[in-house]
Each structure stands twice: as C-alpha cells, then as structure tokens.
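# Close look at the chain arrangement
Chain residues, written in single-letter form:
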Amino acid sequence: MEKVIDIEDRIPTLKKRRKKRTNRKFLVLILLFFLVLSVLLYFQSPYSDIKTIHVKGAQLADESYYVKASKIVEGQSMWGFKVKDVEQALLKNKWVEDVQVKRNWLSKVTIEVEEWKKVAYLAENGTYYPLLENGERFEQADDNIPIDAPVFIGITSEKKIEKLVKQLALLKPEVLALISQINSNESETNPNAIKLYMNDGYEVRAVISTLAEKLNFYPSMVAQILHLDKGIIDLEVGSSFKAYNKAYNQVELDMSEDVEKTEQEVAEDEQ
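An account of the accompanying structure is given in this report. Within any chain, residue numbers begin from 1 and follow the written order of that chain's sequence. Totals for whole chains, interfaces and linings use every residue, but because this is a predicted model, local features are given only for residues with pLDDT of at least 70 and side-chain atom pairs only at 80 or more, for both listing and counting. Computation of side-chain values: all heavy atoms of the structure, hydrogens and water removed.

## Notes on the pattern of salt bridges
The cut-off we apply is this: Whenever a carboxyl oxygen of Asp or Glu lies within 4 Å of a side-chain nitrogen of Lys or Arg, that contact is scored as a salt bridge. Where helices and strands are cited, they refer to DSSP runs of H or I of at least four residues and of E of at least two residues respectively, numbered from the N terminus. Only protein chains enter the calculation, and the probe is 1.4 Å; a residue is then buried if its accessible area is under 20% of its type maximum, exposed if over 50%, and partly exposed in between.
Applying the stated rule across the entire model yields eight salt bridges. With a closest N to O distance of 3.5 Å, Glu112 and Lys102 form a salt bridge. Placement of the pair is Glu112 in strand E3 (residues 108-115) and Lys102 in strand E2 (residues 96-104), with a sequence separation of 10 residues. Glu112 gets classed as partly exposed once you look at its relative accessible area, which sits at 24%. Owing to a relative accessible area of 34%, Lys102 belongs among the partly exposed residues under this scheme. Residue Arg137 is joined to Glu139 by a salt bridge in which the shortest nitrogen-to-oxygen separation is 3.3 Å. Residue classification places Arg137 among the partly exposed positions, given a relative accessible area of 27%. For Glu139, a relative accessible area of 52% corresponds to the exposed category. Through salt bridges with shared partners, a single network forms among Glu124, Arg137 and Glu139.

Structure representation (structure tokens):
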C-alpha cells in the first residue's frame, strides 16, 4: 500500500525550490545589469578609444600611407568606423590585391595589406618604376638602381610591357631572380624580340609570347653548357647557344631537342 504524503509536509520543500529559482533569476538579472552597465561605461570612457594602429604587409607604400588612407586615427572610438568601408577605400589602390582590417582587443586596430608582387622595374628618365604582377605600374619612383627584380630598358610600348609582365609572372621564382635586365631587341621582322641579361653572365634572346614557356628550362640549359665559355642562349625559334668569343663566327650548339636534360644526365654524359 502506497504511503500518502501530507501536503503540509511538502510545503517546506516546495518553498525551498521556489526560493532557489527566484534567487537564480535575481542573480541572472543582476549579472545582466552589470554587463550592460559595463558596456555603456566602456563606450563612454577613454578605454574604447584607439590607442594603436598597426600595419602588416606594407612594402611598396609606407605604413603611414595606409594609416592615412584608412582615415582611422588614434583617439577615435574603436566603433567609430565600418571595417568594410575602410577595406574598400584601401582596395582602390591599384597595387593592393587584398586587405583586412581587424579590431584587436579593446584599443588596437590592425590593417593587413597584401600587395601585388613586384616582377620588374621600368627605367624612365633616370628613375625606376616598379611593375606589378597585375600589369600596373607603381607610380612612386625610386632613384636607386634596383637589385631585387629585372629592369626594362628601351621598352616603351604599354602593350608590350603588359605582355612581358604577364610572362614574368609565369616564371619560376628562381628563374625570375636570375634576370638582371631586359632590353628591346625588336626588328622589322620580329617586333616582339627581347634581350635578357642574366646575373650568371649569360645573355638570352627570346620572344615575349613564348618567354615563360622556354625560359623556365633555363637552369637545365645552362647545365648543358657549363663546360663552355659564357655566351648567348637563343630561344627565339628553337634553342641554341653561341659562345661570346665565337658569336660572330656563327658557331652554334643546337639544344632544341634536349632543353629539358637534367644536370644528372649531363654529368653522366661527361663521364
């Protein structure tokens, strides 16, 4: 037979449960009140002001340029600007590929910039203008002779410059780093002919339209002729080599069939 519990015996237990629930609700309300109060005080206090603006990835333009262009200033409220508006304003610069603006902690803003890669320089009136991977020219000139990218000499056609920059962007980084200077070598029969001076002492003659396709094999080509004197590697039609001291005697080494020969194969042939 079930034991019957009198309602009077259950009342103290019910009261305790109700009291606990009431206390929890009251505690939650108190916490919410203080949270809202803290947020309001933060927005009204100097703690919500920007103390530091940090720029990452700036190489072409100065960090100060990006800070000024963002129109974000120290002392401004952390919430006084829209991230998307700042990013869109910075992306208007033709040399900027991507940008991200972040609020860090309570008083720091970070501007992360990704600039288009520099693939060459255009020499003009004694100054050097960086040419970027997207085909644009960075207008802030440098009077110092650049050493970190090839220099265009005598190439003035905008179309040729654009095509040549696209070809350079397709080169392997280690091959691009070997190019010191690119000169126009145009003629009536071949207006797109160019002449490249390499850092390792060789001269390469090529056509703009097939430059990347052929020049990417440059290391294997050089591996085949290391035992010869330095000279001219001609990639205009096929692939051939002329030593400098024999160039005018038309002595040629045909390489058109084995431009992809590896250094290991060369060593085996020499043995």
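## Brief notes about the sheet that holds E2
In plain terms, the rule: A pair of strands is labelled paired if DSSP reports no fewer than 2 bridges between them. With axes taken as lines fitted to C-alpha atoms, and helix axes fitted only over the stretch in contact, angles between N-to-C directions fall between 0 and 180 degrees.
As summarised here, the arrangement of the three strands in space is E1-E3-E2, forming an open sheet in which the pairing is mixed. Of all the strands in the sheet, the pair left with one neighbour each is strand E1 (52-56) and E2. Going across the sheet, the axis of each strand differs from the next one's by a mean of 15 degrees, ignoring polarity. When E2 meets E3, the two strands line up antiparallel, connected through eight bridges.

## Re the packing of aromatic side chains
Using the following cut-off: Note on ring pairs: Phe, Tyr and Trp rings are taken, using the six-membered ring of Trp, and paired if centres are within 6.5 Å. Classes follow the plane angle, with under 30 degrees stacked, over 60 edge-to-face and the rest tilted. Whether a charge sits over a ring depends on NZ of Lys or CZ of Arg being within 6 Å of the ring centre and within 35 degrees of the ring normal.
Evaluation of the coordinates by the stated rule reveals four aromatic pairs. Arranged with centres 5.7 Å apart and planes meeting at 50 degrees, the rings of Tyr65 and Trp95 form a pair that is tilted. Taken together, the residues span a long stretch of sequence, with Tyr65 in helix H2 (residues 63-70) and Trp95 in the loop between helix H3 (83-90) and E2 at a distance of 30 residues. Through successive ring pairs, a cluster of aromatic residues spans Tyr65, Tyr66, Trp95 and Phe138. The positively charged end of Arg103 is found above the aromatic ring belonging to Phe81, 4.5 Å away from the centroid. One residue, Arg137, lies across the ring of Tyr129, its end atom 4.4 Å from the ring centre.

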